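Descriptive structure summary
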Amino acid sequence: MFKKIKKFYRNNRIYCILMIISLLCILVMGTCVVVYFVNQLSTSAYGNRLEDIDEHELNDSLDALEDFYKEQEGVLEANVRLQGKIIYVSVHVAENMKNEEIQNMATSSLEKIDEDNRSYYDMQFIFTRDNLNAYVGSKNSSKTVISWANFSYDTEETTTTAKN
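Predicted, not measured: the structure shown is a model, and the values here were computed from it. (Residues numbered from 1 in each chain as written. Predicted model: local features only at pLDDT ≥ 70, side-chain atom pairs only at ≥ 80, totals over all residues. Heavy atoms only, no water.)

**Comments concerning the overall build of the protein**
Note the threshold: Helix and strand definitions here come from DSSP, where helices need a minimum of 4 consecutive H or I residues and strands a minimum of 2 consecutive E residues; each element is numbered from the N-terminal end. Remark: exposure states derive from per-residue accessible area (1.4 Å probe, protein chains only) relative to the maximum for the residue type, with buried under 20%, exposed over 50%, and partly exposed in between. In this description, contact between two residues means that some pair of their heavy atoms is separated by no more than 4.5 Å. Per-residue and other accessible areas were derived by the Shrake-Rupley procedure at a 1.4 Å probe size, with only the shown protein chains allowed to occlude residues.
Helix and strand content of the protein: five helices and five strands. Scored against the burial criterion, the 164 residues of the protein give a buried share of 24%. Considering only contacts in the protein between residues 6 or more positions apart, those separated by 24 or more positions represent 48%. Accessible surface, the protein as shown: approximately 12200 Å² in total, 54% of it carbon and sulfur.

In C-alpha cells form, the structure reads like this:
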C-alpha cells in the first residue's frame, strides 16, 4: 500500500503538491467562515453601542411622557416605547390639530426627560391624523432641536380619483 502511494507521488508530484495546497486553502477558508458566523451570533444586534445604557435608565420618564401626551387636548391615543437607544413616540391626534401645535407639544414633552437622558437617547416622533399622512419628527441625541419632515399634504384629491 505504501509503495503504491509512493509511486503515485513520484509520477504526479506537482498534482499532489497542488492538491495539498488546495486542501489547506479550503480548510483555512472554512475556518474563517465558521469563526465569522460564530462571532456574529455571540455579539449583540446593536454592537457595543448599548454598553453604558445601564447608566441612563429612564425608569418613570417613559410613563410620564406617555401620560403627558394623553393629557393634552386633541390627543386621541399615545404610545411611547424604548428600543435600544431610540425612544419612539407615536401619537394619534385630532384631524384639526395644526402642525405648529404638534411641534409645540413635542418640544414641551422633552422636559419630561432629564437633560442627561435627552443627550443620550435619540427620539422619533410620529403624529398621525385621520385622512392625512403622518407628521414625522426626530431628535438626535447630540442636538437640542427636533427636525420635522412634513408629508401632511392634502390627500382629498389624488390622481386616482374620478373627476366630475
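**Observations regarding the packing of helix α3 (residues 61-71) against helix α4 (residues 99-109)**
Our working rule: Axes, fitted as lines to C-alpha atoms, cover a helix only where it is in contact. Angles between the N-to-C directions of the axes lie from 0 to 180 degrees. Here the word oblique covers every angle except those under 35 degrees (roughly parallel), over 145 (roughly antiparallel) and from 65 to 115 (roughly perpendicular). For any pair of crossing helices, the crossing counts as left-handed if the nearer helix is rotated counterclockwise from the farther one by less than a right angle, and right-handed if it is rotated clockwise.
Running from amino to carboxyl end, α3 crosses α4 at an angle of 150 degrees, the nearest separation of the two axes being 10 Å. It follows from the interaxial angle that α3 and α4 lie roughly antiparallel. The two elements α3 and α4 meet at a crossing, and its hand is right-handed. Side by side, α3 and α4 meet where Leu65, Phe68 and Tyr69 of the first sit next to Met105, Ala106, Ser108 and Ser109 of the second.

**Considering a negative patch on the surface**
The condition is simple: Candidates for patches are residues over 30% relative accessible area with no salt bridge; among them, like charges are joined within 9 Å and nonpolar side chains (Val, Leu, Ile, Met, Phe, Trp, Tyr) within 5 Å. Salt bridge, as used here: a side-chain nitrogen of Lys or Arg that lies within 4 Å of a carboxyl oxygen of Asp or Glu. Counted charges follow a simple rule, with Lys and Arg positive, Asp and Glu negative, and His plus the chain ends left uncounted. In this description, the location of a charge corresponds to atom NZ of lysine, CZ of arginine, CG of aspartate or CD of glutamate.
The grouping of Glu51, Asp52, Asp54, Glu55 and Glu57 at the surface amounts to a negative patch. With respect to the secondary-structure elements, Asp52 resides in the loop between α2 (13-42) and α3. The exposure class of Asp52 is partly exposed, given its relative accessible area of 31%.

**A closer look at unusual backbone geometry**
In the Ramachandran plot, Asn131 falls in the positive-phi region, its phi being about 65 degrees despite a non-glycine side chain. Mapped onto the elements of the fold, Asn131 is located in the loop between β3 (122-129) and β4 (132-139). Residue classification places Asn131 among the exposed positions, given a relative accessible area of 54%.

**Considering the pairing of β3**
A regular strand carries its side chains on alternate faces of the sheet. For clarity, the cut-off: Pairs of strands are assigned from DSSP output, requiring at least two bridges between the strands.
The two faces of β3 differ: Met123, Phe125, Phe127 and Arg129 on one face are buried, but Asp122, Gln124, Ile126 and Thr128 on the other face are not. Where strand β2 (residues 86-93) and β3 come together, seven bridges link them in parallel fashion. Its bridge partner lying in β3, Ile86 is registered against Asp122. Relative to β4, β3 is paired through six bridges, and the arrangement is antiparallel. Across the sheet, residue Ile126 finds its bridge partner in β4, namely Val136. In textbook terms, the turn of a hairpin is the stretch between consecutive antiparallel strands, and for β3 and β4 this stretch comprises two residues, one of which, Asn131, has a positive phi near 65 degrees.

**Quick notes on the confidence of the model for the protein**
Let me state the cut-off plainly: What pLDDT reports is the predictor's confidence in each residue, on a scale of 0 through 100.
Per-residue pLDDT for the protein has a mean of 85; in total, 88% of the residues score no lower than 70. When the elements of the protein are averaged for pLDDT, strand β5 (residues 147-150) gives the smallest value, 83, and β2 the largest, 95. Per-residue pLDDT stays below 50 along residues 152-164; that stretch engages in 11 contacts with residues further than four places along the chain or on separate chains.

**Structural notes on the packing of aromatic side chains**
Note the threshold: Two rings from Phe, Tyr or Trp (for Trp, the six-membered ring) form a pair when their centres sit within 6.5 Å of each other. Planes less than 30 degrees apart are called stacked, planes more than 60 degrees apart edge-to-face, and all others tilted. Here, over-ring charges are defined by two tests on the NZ atom of lysine or the CZ atom of arginine: distance to the ring centre within 6 Å, and angle to the ring normal within 35 degrees.
Inspection of the entire model under this criterion finds eight aromatic pairs. Ring plane angle 75 degrees and centroid distance 5.3 Å describe the contact between Tyr36 and Phe37, whose orientation is recorded as edge-to-face. A ring pair is formed by Phe127 and Trp148, whose centres lie 6.1 Å apart and whose planes are at 45 degrees; its orientation type is tilted. On the criterion of sequence distance, the pair formed by Phe127 in strand β3 and Trp148 in strand β5 is long-range, its members being 21 residues apart. Residue Trp148 is classed as partly exposed on the basis of its relative accessible area, which comes to 22%. Grouped by ring-pair contacts, the aromatic residues Phe68, Tyr69, Phe125, Phe127, Tyr135 and Trp148 constitute a single cluster. Taking the ring centre of Tyr88 as reference, the NZ or CZ of Arg81 above it sits at 4.4 Å. A cation over a ring is seen here: Lys85 above Tyr120, with NZ or CZ 4.4 Å from the ring centre.

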